[in-house]
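Each chain, letter by letter, is given below.
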Amino acid sequence: MSYKLIETNLDEVTGVASIVLNRPEQRNALSSELMTELSEAIEHFEGLPVVGCIVISGKGGKAFAGGADIKEMAGRTYSQNYKDNFITANWERVAQCRKPTIAAVSGYALGGGCELAMMCDIIVAGENAKFGQPEINLALLPGAGGTQRLTRFIGKSTAMDMCLTGRMLTAAEALSLGLVSRVVPTDELMDLALDMAKTIASKSRMTAMMVKEAVNTAYETSLSQGVLFERRAFHSVFATGDAKEGMTAFTENRPPRWDNK
Ligand code: CAA
């Protein structure tokens, strides 16, 4: 498939797919056209059995994404937003992807850029990363889940601080707050992200999807409902050939062979 505003790549040997937001001169601002391409690419990779993990990054190093495209948004009206279900319609496709996703953040992840990163399952960052929800400076508020996901991920006080003052978090702060899982020197970021993706893609694809579903359930339900969901998923994983293979391979002291086709 060919795109204008993103670049995609698939390593069929490792099962790692990558998507690069490609508007560096506009700090990878997330225009409707770019988001349409991104959701199409996610749809495409999700449907390919060979894909085990998807990495999303931003071209140019200065920004993962500077947010929704402000120049495009400036002319929008309330009724257009309502009729188009603006933001949610396209954007949530990333959060809905059933395969594991990693956001590799170098530079700014602001507004919709931070929200896009948070729609991924794991965020890894270069030391130069900066996370923020500066919509307040435009007299807007986050519109792609920022007030909700950020609050769940890093707690109310810091989420309020970021959304009300517009202040940015450094990579080190984001790490200490649990927003990102790892921070590395910026020039090592893509190697790290691709390596993590390769590790994830080397696991049983089906079980990885079940793990993702179970962890995400922690954000959607009560603890007791989440624990029940996990128990049911744990019960049902025994019906898969991969779980049988994993346990048999362990007892036979050999590497497992997953049914990843
Ligand atoms: N939308 C449209 N254009 C953007 C943009 C955005 N979100 N972010 C950057 N750009 C454009 C700039 O307008 C500029 O374009 P021109 O060269 O044509 O003038 C170009 O990218 C380079 O920008 P800067 O010169 O400002 O680059 P910088 O490296 O000095 O700063 C930045 C980068 C900190 C990201 C800064 O551009 C900035 O503050 N951008 C806006 C951030 C923002 O407010 N994001 C929230 C958007 S609203 C939103 O996302 C709503 C939502 O919840 C979905």
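Residues numbered from 1 in each chain as written. Predicted model: local features only at pLDDT ≥ 70, side-chain atom pairs only at ≥ 80, totals over all residues. Heavy atoms only, no water.

As a reminder of what qualifies: UniProt positions are given in the numbering used here, feature names are shortened, and annotations may be inferred rather than shown by experiment.
The protein chain has the name Enoyl-CoA hydratase-related protein in an unreviewed UniProt entry, where Hirschia litorea is given as its organism. According to the UniProt record, the Sequence similarities (unreviewed entry) comment for the protein chain reads "Belongs to the enoyl-CoA hydratase/isomerase family."

1. Section: a nonpolar patch on the surface
Worth spelling out the cut-off: Here, patches come from residues exposed beyond 30% relative accessible area and free of salt bridges, joined within 9 Å for like charges and within 5 Å for nonpolar side chains (Val, Leu, Ile, Met, Phe, Trp, Tyr). Throughout, the Shrake-Rupley method with a 1.4 Å probe supplies accessible areas, and for residues the shown protein chains are the sole cover considered. Note on definitions: salt bridges are taken to be side-chain nitrogens of Lys or Arg within 4 Å of carboxyl oxygens of Asp or Glu. Strands are runs of DSSP state E lasting at least two residues, helices are runs of H or I lasting at least four, and both sets are numbered from the N terminus onward.
Side chains of Ile70, Leu138 and Leu140 sit close together on the surface and give an oily, nonpolar patch of about 250 Å² of accessible area. For Ile70, the position within the fold is in helix α2 (residues 70-73).

2. Observations concerning helix α1 (residues 32-47)
Cut-off, in case you're wondering: Here, expected helix span is obtained from the residue count minus one, scaled by 1.5 Å. Whether a residue is buried, partly exposed or exposed follows from its accessible area with a 1.4 Å probe, protein chains only, as a fraction of its type maximum: under 20%, in between, or over 50%, in that order. By the convention used here, residues are in contact when the closest approach between their heavy atoms is within 4.5 Å.
Taking 1.5 Å per residue as the helical rise, α1 with its 16 residues ought to reach 22 Å, and the 22 Å between its terminal C-alpha atoms agrees with that figure. By the burial criterion, the buried members of α1 are Leu34, Met35, Glu37, Leu38, Ser39, Ala41, Ile42 and Phe45. Residues of α1 that are buried sit in contact with β1 (6-11), β2 (16-21), β3 (53-58), α4 (88-96) and α5 (112-119).

3. Things to note about the site of the ligand
Worth spelling out the cut-off: Proximity is defined per residue: if any heavy atom of the residue lies within 4 Å of a molecule or strand, that residue is considered near it. N or O atoms within 3.5 Å of each other form a polar contact, as long as, within protein, one can give a hydrogen and the other can take it, and as long as residues adjacent in sequence are counted only when both atoms are side-chain atoms.
Near the ligand, the surroundings consist of 22 residues, among which Lys71, Gly112, Glu115, Glu135 and Gly143 are the closest. Gln26 places a side-chain nitrogen or oxygen 3.2 Å from an oxygen atom of the ligand. The backbone of Gly66 places a nitrogen or oxygen atom 2.9 Å from a nitrogen atom of the ligand. Contact with the protein chains removes 68% of the 980 Å² of surface that the ligand exposes when unbound. At the level of elements, α2, β6 (108-110) and α5 are the ones that each hand at least two residues to the shell around the ligand.

4. Quick look at the layout of surface pockets
How we decide: Method remark: on a 1 Å grid restricted to protein atoms, a set of points is classed as a cavity if a 1.4 Å probe fits but cannot get out and as a pocket if it is open with protein on both sides within 12 Å along at least five of seven lines; lining residues have an atom within 4 Å of a point. Grid points are joined across faces, edges and corners, and a volume is the space filled by probe spheres set on the points. The classification used treats Ala, Val, Leu, Ile, Met, Phe, Trp, Tyr, Cys and Pro as nonpolar, Asp, Glu, Lys and Arg as charged, and all other residues, Gly among them, as polar.
By volume, the largest pocket amounts to about 730 Å³. If you trace the largest pocket, you find 24 residues lining it, with Cys120, Asp121, Phe153, Asn216 and Tyr219 closest to the centre. Counting residues per element, the ones that place at least two in the lining of the largest pocket are α5, β7 (122-126), α6 (146-154) and α10 (205-217). At five residues, the largest contribution of residues to the lining of the largest pocket is made by α10. Residues of the lining of the largest pocket, tallied by class, amount to 15 nonpolar, four polar and five charged. Here the second largest pocket is characterised by a volume of approximately 520 Å³. As for the second largest pocket, its lining consists of 23 residues, and the residues nearest its centre are Met73, Phe86, Glu135, Leu140 and Leu141. Contributions of two or more residues to the lining of the second largest pocket are made by α2 and α5.

5. Side note on the environment of Ala201
Residue placement: Ala201 occurs in helix α9 (residues 189-201). Assessed through its relative accessible area of 2%, Ala201 is described here as buried. The spatial distance from the C-alpha of Ala201 to the C-alpha of Gly15 is 5.7 Å, given a sequence separation of 186 residues.

6. Comments concerning the packing of aromatic side chains
Stated precisely, the cut-off is as follows: The aromatic pairing rule takes the rings of Phe, Tyr and Trp, using the six-membered ring of Trp, and pairs them if the centres are within 6.5 Å, calling planes under 30 degrees apart stacked, those over 60 edge-to-face and the rest tilted.
Applying the stated criterion across every chain, the model contains three aromatic pairs. Summarising the aromatic geometry, the rings of Phe153 and Tyr219 are spaced 5.1 Å apart at their centres and angled 75° between planes, so their arrangement reads as edge-to-face. Linking Phe153 in helix α6 with Tyr219 in the loop between α10 and α11 (223-237), this pair joins segments that are 66 residues apart in sequence. Judged by relative accessible area, which is 25%, Phe153 ranks as partly exposed. Exposure remark for Tyr219: the relative accessible area of 36% places this residue in the partly exposed category. A ring pair is formed by Phe234 and Phe238, whose centres lie 5.2 Å apart and whose planes are at 80°; its orientation type is edge-to-face.

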